[in-house]
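Results of the structural survey
If you want the building blocks of each chain, they are given just below.
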Amino acid sequence: MKKQDQTVENMIMQAHYLEALEIESKAQKPLAEMERQDFINTITELKAMIGSLKLTIDTLRQTINSQNATIASLQKSMDRLQSAYDKAVKERDDLNGRMNRSNQETFGSKSLKQSGRGKVVKNDRQKERDDWASKDDNDNNASSASSSADGEIDQTKVKSENLSRSGRNGMKYNRMNAAKTITLETSLEGAPEDMKFIGYKDIEEYTKKSYVECTVFKVAVYEDKFGMRHDFYQPKDEKDTRRPNLNVVPSTHCTPEFLADLIVDHYMLMTPIYRQSIRNILDKLQISSNTNRNWLTQGAELLTPIIRLLKKKLLKVKSILNIDETWTKVRIKFKGDKTKLGRYFKKYVWVLVNKAKQITYFFYDNDENDSRGKRPIQTFLGDFLGTIQSDGYVVYKELTKDNPANEHLMCWAHVRNKFEAVFKACKDADADTFVKLIATLYRVEAECLLNHYTPQQIKKRRQQKDVTKILSLIYKKANGMLANPIRYHYSDMMRKALVYLTSNWEDLIKYRNDGRFTIDNMLAERAVRPFTVKRKNSLFFSSEDGIESALKYHTLIETCKNVGLNVKEYFAYVFSRLIEGEKDYEKLLPSAVAR
């Protein structure tokens, strides 16, 4: 029984086991399929994610490449801008250097520029002075005491020797003199009788009277039977020789003396018209500025024949001419320029000096396109045959090329100025050497001047060995420096100065060929300087007629200076003679009046 029960239980257990196996076998297949599907889905998602990441990576790679290209382009732009910046900085420094040199030449060592003055950098001399001033007072006192004890310096203060009157022993004072002297004599009535009369002495008193005097002629007017009017004047004082219009510059109301005074004020003392108007008010003269201008224009017209004669003498055959030019502003009205008064243009004025004839001549050419070109000076010179001395402006060289019969000389002063500018800007020792060598040439010229050498003696002196040696040294040194720029390490300014010297060498040494030649062109440079002062004061000319009139006056003023004439007296004399009807203009030239 027990055995059967065990068999049944075993059978039941076996049946349960088989059923479990069957369930298990049935359940394994769906569970694996689900896991497989989940795995497939995971793989698919990962593939999609990987694809998305690859796309993102490709996009990022393209973005990086694009940014790299942009960076490379920006780097090139930065390099280009840096190069432009460096070039601009170099140009700025060059311009600052030029401006500083210009300020030094114009204003000396101090510039008028206000910016950048907040911080002052002390130089060695200032630092030395400050260090000396900051020393202890006791040390200074001790130093002074020891110096006095040693007897090196006598600390007693005395007047400077040049202020002492004892130095004037045997010298004469320059006596004052006035244009008009009024003497008031004393009466001896009431003088002390108990004293001895010794003599008289002068007590002088000077005063200035500045006013304009107007003479009014009361002229009778009569009308004849035909209706024509006539003037009649007979002075009540028979001794009075004055007559209407006999001492008046034509087309004006001024006398020759008054017009001469206006000319000197305006063209010699460089007083602009508006300042002249103030002067007239102070002199109690009511007159318009246009009247002043008209009077000056009428005076210039009277002088035209004298100017023509001066030009003829200036351009005499085989003359030596020093020539220079300078600019000015002129207002010119063109038809259809849509302005009331016209526009201002930069024009050029030329000056020529004939030292032998003692003539200085100014002229202006009104060509609107060629004011400084070759045509104006070439037209003025015409068939001139002689010698021309000038600076390095190429037009002057072209004049001698077109006419080989003329000889061209260059100016040593311009060469020296170029090396002087280099030395001031760069402290170049070689530039200083050139300046000193050129100064030696000028010492030879000073020797000739002080000893009053004749032209033949001057030529002989210039041909001596010491001058030849100096010139050879200058030329050899300049060529050597140009041939070895790396060795000498000079600036661009120095290079330009050397090129200027060597390229014009033949024209620079021609001054030795004739004792009448000058070593430089300073005759013309000095002659043109008053005109530049006039330009600075008046700023511009309101018309071409105005500049033509001005140049006539400047021509005669500078020529009067050459012959030693009083300019005011000369103009007064010439206008008086012209009013009287003088037609022999040869007698009215400054050189003739000065005799």
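Notes on the structure follow. A quick note: this is a predicted structure, and the numbers were derived from the prediction, not measured.

Attention shifts here to the nonpolar core. Counting residues in each nonpolar core, the largest one holds 68 residues, and the members touching the most others are Leu259, Ile263, Leu303, Leu352, Ile377, Leu381 and Phe571. Residues within four places of Leu303 in sequence aside, it is in contact with Tyr553, Leu556, Phe571, Val574, Phe575 and Leu578. Of all hydrophobic cores here, the second largest spans 31 residues; its members include Ala431, Ile438, Tyr500 and Tyr511.

Glancing now at the packing of aromatic side chains. For the coordinates displayed, the defined rule picks out 19 aromatic pairs. Measuring from centroid to centroid gives 5.9 Å for Phe258 and Trp295, while their planes differ by 75 degrees, and the two rings are edge-to-face. Placement of Phe258 in helix H4 (residues 256-268) and of Trp295 in helix H6 (residues 289-302) is noted, with a sequence separation of 37 residues between them. Residue Trp295 is classed as buried on the basis of its relative accessible area, which comes to 9%.

Attention now moves to the side chain of Gln389. By the element assignment, Gln389 lies in strand S6 (residues 386-389). At 2.7 Å, the side chain of Gln389 forms a polar contact with the side chain of Thr518. If we ignore the near neighbours within four places in the chain, the residues touching Gln389 are Leu321, Asn322, Ile323, Leu409, Met410, Thr518, Ile519, Asp520 and Asn521.

Turning our attention to unusual backbone geometry. Unlike most non-glycine residues, Ser251 shows phi in positive territory, near 70 degrees. Mapped onto the secondary structure, Ser251 falls in the loop between strand S2 (229-232) and H4. Residues other than glycine seldom take positive phi values, yet Lys284 does so here, at roughly 60 degrees.

The subject of this paragraph is the environment of Val330. Looking at where Val330 falls in the secondary structure, it is placed in strand S3 (residues 319-332). On the accessibility criterion, Val330 (0% relative accessible area) is buried. Sequence separation between Val330 and Ile547 is 217 residues, and the spatial gap between their C-alpha atoms is 7.7 Å. Leave out the neighbours within four places in its chain, and Val330 touches Arg343, Tyr344, Phe345, Lys347, Tyr364, Phe541, Ser543, Glu544 and Ile547.

So, on to the packing of helix H17 (residues 522-538) against helix H18 (residues 544-563). Between H17 and H18, the shortest axis-to-axis distance is 10 Å and the interhelical angle comes to 135 degrees. Taken together, the axes of H17 and H18 are oblique relative to one another. In this structure, the crossing between H17 and H18 has a hand that is right-handed. On the side of H17, the interface is formed by Ala527, Pro530, Phe531 and Lys534, while H18 contributes Leu551, His554, Glu558 and Lys561. Split into classes, the residues belonging to the contact of H17 with H18 amount to four nonpolar, one polar and three charged.

The next thing to look at is the sheet that holds S3. Whenever strands of a sheet pair, they do so through backbone hydrogen bonds, lying parallel or antiparallel. Taken in spatial order, the five strands make up an open sheet running S5-S4-S3-S6-S7, and their pairing is mixed. Of all strands in the sheet, those with a lone pairing partner are strand S5 (359-364) and strand S7 (407-409), marking the two edges. Going from strand to strand, the sheet's axes swing by 30 degrees on average, the running direction of each strand aside. The sheet contact formed by S3 and strand S4 (residues 343-354) spans twelve bridges and is antiparallel. Following the sheet pairing, Trp327 is matched in S4 by Tyr348.

Another aspect to go through is the pairing of S5. Burial of S5 is extensive: six of the six residues sit out of reach of the surface. Neither face of S5 is left uncovered, since the one carrying Ile359, Tyr361 and Phe363 and the one carrying Thr360, Phe362 and Tyr364 both have all their residues buried. Summarising the sheet, S4 and S5 pair through six bridges and their orientation is antiparallel. Of the residues in S5, the one forming a bridge with Asn354 is Ile359. Linkage of S4 to S5, two consecutive antiparallel strands, is achieved through a turn of four residues, within which Gln358 is found at a positive phi near 60 degrees.

Time to look at the pairing of S3. Note on strand geometry: in a regular strand, side chains alternate between the two faces of the sheet. Of all 14 residues that make up S3, twelve are buried, and the element is covered over most of its length. Note that S3 and S6 share four bridges and pair parallel. When the sheet's bridge partners are listed, Ile320 is paired in S6 with Thr387.

Conventions we followed
Residues numbered from 1 in each chain as written. Predicted model: local features only at pLDDT ≥ 70, side-chain atom pairs only at ≥ 80, totals over all residues. Heavy atoms only, no water. Core = buried A, V, L, I, M, F, W, Y, C linked by side-chain atoms within 4.5 Å. Buried < 20%, exposed > 50% of the residue type's maximum accessible area, 1.4 Å probe, protein only. Contact = heavy atoms within 4.5 Å. Phe/Tyr/Trp six-rings, centres within 6.5 Å; stacked < 30°, edge-to-face > 60°. Helix = DSSP H or I, 4+ residues; strand = E, 2+ residues; numbered from the N terminus. Polar contact = N/O pair within 3.5 Å; in protein donor to acceptor, adjacent residues only side chain to side chain. Axes fitted to C-alpha atoms, helices over the stretch in contact; angles between N-to-C directions. Parallel < 35°, antiparallel > 145°, perpendicular 65-115°, else oblique. Left-handed = near helix turned anticlockwise from the far one by under 90°. Nonpolar A, V, L, I, M, F, W, Y, C, P; charged D, E, K, R; others polar. Pairing = 2+ DSSP bridges.

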